[in-house]
Amino acid sequence: MQLDPLPQHGEASRAFSMLKVAFWLTVIGFSVWTGAQVFHAHYINWKIEDVFHGVVKNMRDASGVEIREQLPKLYKINYLAPSDLPEEFRDNLLIRREGELLEISSVYSVVIWPFGPVQQLDESGEYDPDQLEGMDIVRDKSRIDIKFEPYAFSE
């Protein structure tokens, strides 16, 4: 008496399974990568706020000029590289003193491009979302804009 062999899955079934695995690994990897970029932006803002709180706590008597001179050293101590801070941050940095009150703040935004930046730029480096074509539409729709307003004041 001869037993029939068990039915085997075909090559097409194995290929389909590998495609599913590759698809889900891509989705998960993309999500983790994008999440890491968003986390990094928030982490940098958290470090900036720590610097600001340290300034108002430890440099209560310093002038605005003295604080501005010390900020690069304080950033370095907190492992902030100059490339971590956008130019918008430096342009909007406000140090204000009114009597005993010391206030330090800034406003800046971070743009995260999950699929890369838009390629169809005009001469000034800008683009019109209504004029985009192809993959640039997806790039524009998937961009993540995060606005930060680090702030600290002495009490």
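Residue indices begin from 1 for each chain and proceed along its sequence in written order. Reporting in this predicted model follows two pLDDT cut-offs: at least 70 for local features of residues, and 80 or more for side-chain atom pairs to be given and counted; totals over whole chains, interfaces and linings ignore these cut-offs and use all residues. The basis for every side-chain value is the complete set of non-hydrogen atoms in the structure, without hydrogens or water.

Quick look at the sheet that holds strand S1 (residues 94-98)
- In space, the three strands of this open sheet follow the order S1-S2-S5, with antiparallel pairing throughout. Taken across any chain shown, the strands that pair with only one partner, and hence form the sheet edges, are S1 and strand S5 (151-153). The sheet shows a mean angle of 10° between the axes of neighbouring strands, direction not considered.
- For two strands to be treated as a pair, DSSP must find no fewer than two bridges joining them. Think of it this way: any DSSP run of H or I at least four residues long counts as a helix, any run of E at least two long counts as a strand, and we number them from the N terminus. By the bridge criterion, three bridges tie strand S2 (residues 101-105) to S5 in an arrangement that is antiparallel. If you follow Ile 104 over to S5, its bridge partner there is Ala 152.
- Packing of helix H2 (residues 64-77) onto the sheet brings it into contact with S1 and S2, and relative to S1 it is tilted by some 145°. What counts as an axis is a line fitted to C-alpha atoms, over the stretch in contact for a helix, and the angles between N-to-C directions run from 0 to 180 degrees. Whether two residues touch is decided by their heavy atoms; if any such pair falls within 4.5 Å, the residues are in contact.

Describing the pattern of salt bridges
- In the sections that follow, a salt bridge refers to a side-chain nitrogen of Lys or Arg positioned within 4 Å of a carboxyl oxygen of Asp or Glu. Counted by the stated rule, this structure contains six salt bridges.
- When the shortest N-O distance is used, the salt bridge between Glu 98 and Arg 96 registers 3.7 Å.
- Overall, Glu 98 belongs to the partly exposed group, its relative accessible area being 49%.
- Classification of residues uses two cut-offs on accessible area relative to the type maximum, computed with a 1.4 Å probe and protein chains only: under 20% is buried, over 50% is exposed, and between them is partly exposed. Taking relative accessible area as the criterion, Arg 96 reaches 37% and is therefore assigned partly exposed.
- With a shortest N-O distance of 2.7 Å, Asp 145 and Arg 143 are connected by a salt bridge.
- Arg 143 gets classed as partly exposed once you look at its relative accessible area, which sits at 25%.

Quick word on the packing of aromatic side chains
- A pair of Phe, Tyr and Trp rings is counted when the ring centres sit within 6.5 Å of each other, with Trp represented by its six-membered ring. The angle between the planes then sorts it: under 30 degrees is stacked, over 60 is edge-to-face, the rest tilted. Evaluation of the coordinates by the stated rule reveals ten aromatic pairs.
- Both rings, one in Phe 30 and one in Phe 115, keep their centres 5.0 Å apart while their planes meet at 20°; by these two values the pair is stacked. Taken as a pair, Phe 30 in helix H1 (residues 11-58) and Phe 115 in the loop between strand S3 (108-112) and helix H4 (135-142) lie far apart in primary sequence, 85 residues in all.
- When the ring of Tyr 108 is compared with that of Phe 148, the centres are 5.3 Å apart and the planes differ by 35°; the resulting orientation is tilted. Taken together, the residues span a long stretch of sequence, with Tyr 108 in strand S3 and Phe 148 in strand S4 (residues 144-148) at a distance of 40 residues.
- Ring-pair connections join several aromatic residues into one group, and the members of that group are Phe 52, Tyr 75, Phe 89, Tyr 108 and Phe 148.

Looking at unusual backbone geometry
- One non-glycine residue, Tyr 79, adopts positive backbone phi at about 60°.
- If you trace the backbone, Tyr 79 turns up in the loop between H2 and helix H3 (87-91).
- A residue is classified by how much of its surface remains accessible, and Tyr 79, at 69% relative accessible area, is exposed.

Some details on H4
- Taken together, the buried positions of H4 are occupied by Asp 136, Arg 139, Asp 140 and Ser 142.
- Next to the buried residues of H4 lie S3 and S4.

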